[in-house]
Amino acid sequence: MLTRIDHIGIACRDLDKTVEFYRATYGFEVFHSEVNEEQGVREAMLKINDTGDGGASYLQLLEPIREDSPVGKWLAKNGEGVHHIAFGTGDVDADSEEIRAKGVRVLYDEPRIGSMGSRITFLHPKDCGGVLTELVTAAEPGAHEGH
Ligand code: CMX
Ligand code: CO
């Protein structure tokens, strides 16, 4: 079951500059940052609030590390802005299979590794009214502390 907005993914050209905008304008701090080679991004997670399901909601700021990555291609076409939304679930495997059975294209056969050791998959934007939609199951509590 999808129980929270886990994050909103925002594509940017300069991660450090964008982090500074969110810090200076809203006071949001970086909770976690990493490079995800497979996804082709350098990213920062800014925690906004905890959620009633024991998880949290974040902004995910994304800078491409390759022009031919999903975020690199999207930036070249659209410029900076909101790239995707992500719903959180305790069971990404079950929920993605259930959604696939409804005829929505799920991009991965098996969930892959996302921020902070989470398991993620994506739904095709063309089947979701133009919204690239990610499903996330967080790593076990304590497995990946913010840093
Ligand atoms: N939101 C909405 N529509 C999008 C989109 C997005 N983020 N990205 C692509 N599209 C649309 C394009 O506009 C295009 O539409 P038109 O045909 O009408 O022009 C269509 O989808 C195909 O786009 P494309 O540029 O040819 O891109 P690809 O088909 O090669 O890739 C997608 C699209 C969704 C399969 C790819 O972006 C993908 O695999 N995304 C999932 C992985 C990802 O985004 N990783 C980065 C984030 C990592 C994280 O969150 O941790
Ligand atoms: Co994401």
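Scroll up a little and you will see the structure.
None of these values were measured; they are calculated from a predicted model. (Residues numbered from 1 in each chain as written. Chains lettered and ligands numbered in written order. Predicted model: local features only at pLDDT ≥ 70, side-chain atom pairs only at ≥ 80, totals over all residues. Heavy atoms only, no water.)

**Describing the site of ligand 1**
Selection criterion: Proximity is defined per residue: any heavy atom of the residue falling within 4 Å of a molecule or strand makes that residue near it. To be clear on the numbers: accessible area is Shrake-Rupley with a 1.4 Å probe, and residue cover counts the displayed protein chains and nothing else. Numbering goes from the N terminus for both helices and strands, where a helix is a DSSP run of H or I of at least four residues and a strand is a run of E of at least two. Note that Gly is not counted as nonpolar here; it falls among the polar residues with everything else outside the nonpolar set of Ala, Val, Leu, Ile, Met, Phe, Trp, Tyr, Cys and Pro and the charged set of Asp, Glu, Lys and Arg.
The environment of ligand 1 is formed by 18 residues, the closest being Gln 39, Lys 73, Lys 77, His 83 and Lys 126. Contact with the protein chains removes 70% of the 970 Å² of surface that ligand 1 exposes when unbound. Elements with a contribution of two residues or more to the shell around ligand 1: helix 2 (70-78), strand 5 (81-89) and strand 7 (119-123). Here the shell around ligand 1 gets five residues from one element, more than from any other, and that element is helix 2. Its residues assigned to classes, the shell around ligand 1 comprises nine nonpolar, five polar and four charged.

**Regarding the coordination of the cobalt ion (ligand 2)**
The following threshold applies: A donor here means an N, O or S atom no more than 2.8 Å from the metal, or no more than 3.2 Å when the metal is Na, K or Ca. Since water is not included, a site may seem to lack partners.
The cobalt ion (ligand 2) binds to the protein through His 7 (NE2), Gln 60 (OE1), His 84 (NE2) and Glu 134 (OE), with metal-donor distances spanning 2.0 to 2.1 Å. The motif formed by the donor residues of the cobalt ion (ligand 2), counted along the single chain, is H-x52-Q-x23-H-x49-E. With His 7 in strand 1 (residues 2-11) and Glu 134 in strand 8 (residues 133-137), the pair connects residues that are 127 residues apart, well separated along the chain.

**Quick notes on the packing of aromatic side chains**
Note the threshold: In this scheme Phe, Tyr and Trp rings, the latter by its six-membered ring, pair at centre separations within 6.5 Å, and the angle between planes marks the pair as stacked below 30 degrees, edge-to-face above 60, and tilted otherwise. Two thresholds decide whether a charge sits over a ring: the Lys NZ or Arg CZ must be within 6 Å of the ring centre and within 35 degrees of the ring normal.
Inspection of every chain in the model, using the stated rule, returns six aromatic pairs. For the pair Phe 21 and Tyr 22, a centre-to-centre distance of 5.2 Å together with 90 degrees between the ring planes defines the contact as edge-to-face. Cluster of aromatic residues (ring-pair linked, three or more members): Phe 21, Tyr 22, Tyr 26 and Phe 28. The ring of Tyr 108 carries the charged tip of Arg 112 above its face, separated from the ring centre by 3.8 Å.

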